[in-house]
Each structure stands twice: as C-alpha cells, then as structure tokens.
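# Architecture at a glance
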Amino acid sequence: AFGGIADIQFADAEDGHDFGGSRRRYYRHSLRLLREAVRAWAGESPPIDCVLQLGDSIDGQNARRGEAESALQQVLGVLGQLPVPVHHAWGNHELYNFSRAQLVDTGLYSRPAGGSDGPPDRHCHAYHCSLAAGLRLVVLDTYDLSTLGRDPDSPCYQEALRVLQEKNPNDDFNSPAGLMEPHFVAFNGGFSQAQLDWFDEVLKFSDENQEKVVVMGHVPIHPYASDGVCLAWNYEVALSVIHSHRCVICVLAGHLHDGAYCLDSHGVHHLTLEGVIETPPESNAFGTIYVYEDKMILKGKGRIPDRVMHF
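What comes next concerns the included structure. (Residues numbered from 1 in each chain as written. Predicted model: local features only at pLDDT ≥ 70, side-chain atom pairs only at ≥ 80, totals over all residues. Heavy atoms only, no water.)

## Remarks on the sheet that holds strand E9 (residues 248-253)
Stated precisely, the cut-off is as follows: Two strands pair under a simple rule: DSSP has to find at least two bridges between them. Secondary structure elements follow DSSP: runs of H or I no shorter than four residues count as helices, runs of E no shorter than two count as strands, and numbering proceeds from the N terminus. Here the axes come from fitting lines to C-alpha atoms, over the contacting stretch only for helices, and the angles between their N-to-C directions go from 0 to 180 degrees. Here a residue-residue contact requires only that any non-hydrogen atoms of the pair lie within 4.5 Å.
Here six strands make up an open sheet; going across it, the order is E6-E7-E8-E9-E11-E10 and the pairing mixed. Looking at strand neighbours, the two that pair on one side only are strand E6 (127-132) and strand E10 (260-263), the edges of this open sheet. Strand after strand, the sheet turns through a mean of 15° between neighbouring axes, direction not considered. In this sheet, strand E8 (residues 212-216) lies alongside strand E7 (residues 135-139) in parallel orientation, the contact comprising five bridges. Looking at the pairing, Val139 lines up with Met216 of E8. Contacts between helix H7 (residues 193-208) and the sheet are confined to E6, E7, E8 and E9, with E7 contributing the most and set at about 175° to the helix.

The following block contains the structure:
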C-alpha cells in the first residue's frame, strides 16, 4: 500500500486564484491538508510502504517572495514525520523556485545515491526501485526536456526552446490559445531520448522478471487522463515505450488540478490525482492505493474518488 498526493503548492500567502483568475487557490491551507494526509497515512494498519508525492510541492510565488527554501522545508518537515520513504516527482513549480542543480541538493531529490538506478545524467530525476516482491516503481522526469530549471546556454535548454518556438507561435509560451497541439506550452515539458532509452531498459527488465510496474511523474502522458493542455510534449513516445512491454499496470500523475482517469487501449490505468492547492479547507485531496495480485484499490479522501483498477 502507498499514499499519493499531488500539487500541494504551499506558500505562506493569502488565498489567490489561478492564472485565469477564476479558480481559488488555498496556499496556506495546503500545508494543513498535507498534515491531515500524513496523520491518516501514519494511522494506516497494516502500515503503508511509501508515499508518492507527484510534484508541485511548493508554489512558484515563493521565488518572488524569497521564501522558496523555507516553504520547501515546511513541506518536507511534514512529510518527514512519516516512517516510510517518500518518492518525489519534480513539477514546474519546483523548477520555478530552484534550478535543477539546486534541486539535486534538496530533500526533493529522492533518486538513490550511486546513480545506477537512473539515467546517466544525475540531474535527470528519474529512477526505479522495488516496492515489494514483483512490484516496481518507476519515477519519470517529465521536465527533462524543458526550459525550466535549465541554464539558457545549455544544449537541453536550447533544444526545449526550439520545440516551443516550432510548436507555439504565441508571444507567451505559457498560452495554449489557438494551438493545434495545445500541450506545447512552457509549463509542460517532455522526455529526452536518453531517459526514454533508460525507461525502455527498465521495463524490459521487469518484463523478463515478471514484475508489475507503477509509473509516476508530474505531467500526464495520456490525453484522456488530461484536459488536452496538461500533457507531456512527447507523450506519444512515452506511451509507445509502455505499450511495447507487458509490465506497466498504472501511470500516476498530477499537474491537472481537476484530476482525471482513463483505462487505455493496452489495459494501462492512467490516474491523475486532484490537486491539494485548489481543495477547500474543509475538504482534502489525497489517497491510499492498495495493490493486490489482480487489482489496485484507491481509497480517496475529499475530492479524490474511490476507484478499483483491475489488471
């Protein structure tokens, strides 16, 4: 069993609204909702094995306020009360606050030491680990190809900028207005070929060892687990890697605060968790997933509905 939570986006700030101005964001309350989640997970019997934090743990406005480090320490302090590992995905809001080089030196870097469990680039926050006999977790870095958190002089930044310039003619790269492919915006990102090759090898290993695999990352990789905008740039390639193997049972994501779900044509469950940041203080948005031989059962709290996923 493992906990799941997405888009906490904590800031020690008054309530605000999304970029469209229509949706309320509860910046300060999100930390209290995280505490409630941690208390619930700590009280599970039998105990859960780990927690998956699906990215955007703190809000981008912390950078402007000079509070990025303090906000992150408050979130990590609450999660640190758990006696089990927490696996972190990196989201766009982490990268608004810190460069990749800085994130490597924070508690959000949950990739195992030594580097053998992830791609050669240690700044790529992707890795895999065994959760239990026959069950593997793969953490993907959905901003490996991105202008966020990269040095503008780096080849990675230049490649991401080329993609945006080719696909998004808007003056504001964060605007999907008028785009045929509205997911090509700067607040999304994609996968480098090196990460995709590594991912393929990990799934090959799991196939050969008859493992089941849970994949997690911040940005959804299936259009039906998305609103069409919150979607990884080269999601088709990531899906083709998954579909060329038998082992993946579920892909977990955040980023889309409304949440979403689909069962794809290859029998893979794509579950996008509702975001804490837009959850009213009297509700919540987290869940616990129980894994059995033939199914996963999500027990959701607040905005997150219960769900049974057979495989």
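That covers the picture; the talk isn't over yet.
## Overview of the pairing of E6
With five bridges joining them, E6 and E7 adopt antiparallel strand pairing. Bridge assignment links Tyr127 to a residue of E7, and that residue is Val139. Between E6 and E7, which pair antiparallel and follow one another directly, the connecting turn spans two residues, one of which, Gly134, has a positive phi of 80°.

## Some remarks on the packing of helix H1 (residues 29-42) against helix H3 (residues 68-79)
Just so we agree on the cut-off: An angle below 35 degrees is treated as roughly parallel, one above 145 as roughly antiparallel, one from 65 to 115 as roughly perpendicular, and anything else as oblique. Each crossing is labelled by how the near helix is turned from the far one, with a counterclockwise turn of less than a right angle marking it left-handed and a clockwise turn marking it right-handed. Three classes are used: nonpolar for Ala, Val, Leu, Ile, Met, Phe, Trp, Tyr, Cys and Pro, charged for Asp, Glu, Lys and Arg, and polar for all others, with Gly counted as polar.
At their nearest, the axes of H1 and H3 sit 9 Å apart, and the two run at 15° to each other. Comparing the axis directions of H1 and H3 gives the class roughly parallel. As for how H1 packs across H3, the hand of that crossing is right-handed. Residues Leu31, Leu34, Arg35 and Val38 of H1 form the contact with H3, whose participating residues are Gln74, Val75, Val78 and Leu79. In the contact of H1 with H3, the residues fall into six nonpolar, one polar and one charged.

## Some details on the pattern of salt bridges
We apply this condition: A side-chain nitrogen of Lys or Arg and a carboxyl oxygen of Asp or Glu constitute a salt bridge if their distance falls within 4 Å. Think of it in three bands: with a 1.4 Å probe and only protein chains considered, a residue is buried below 20% of the maximum accessible area for its type, exposed above 50%, and partly exposed in between.
In total, this model carries 15 salt bridges according to the counting rule given. A salt bridge links Arg136 to Glu211; its shortest N-O distance comes to 2.8 Å. Pair noted here: Arg136 is in strand E7 and Glu211 is in the loop between H7 and E8, with a separation of 75 residues, a long-range link. Taken individually, Arg136 and Glu211 each receive the classification buried, so the pair is uniform in this respect. A salt bridge links Asp294 to Lys295, with the shortest nitrogen-to-oxygen separation between them at 3.6 Å. Put simply, Arg23, Arg25, Asp258 and Glu278 are held in one network by salt bridges that share partners.

## A short note on the environment of Phe184
Relative to the assigned elements, Phe184 resides in the loop between helix H6 (155-167) and H7. Classification of Phe184 as buried rests on a relative accessible area of 7%. Apart from the residues lying within four places of it in its own chain, the contact partners of Phe184 are Val163, Leu164, Lys167, Asn168, Phe173, Leu179 and Trp233.

## Some points on the sheet that holds strand E5 (residues 86-88)
Strand order in this open sheet of six strands is E5-E4-E1-E12-E13-E14, and the pairing throughout is mixed. Sheet topology places E5 and strand E14 (307-310) at the edges, where each strand pairs with a single neighbour. Each neighbouring strand pair of the sheet contributes to a mean axis angle of 20°, computed without reference to strand direction. Sheet topology places strand E1 (residues 2-5) next to strand E12 (residues 285-291); four bridges connect them, and they run antiparallel. What sits directly across from Gly4, in E12, is Gly287. Contacting E1, strand E4 (50-53) and E12, H1 crosses the sheet at an angle of about 25° to E12.

Don't take any of this as a statement about function, it's just geometry.
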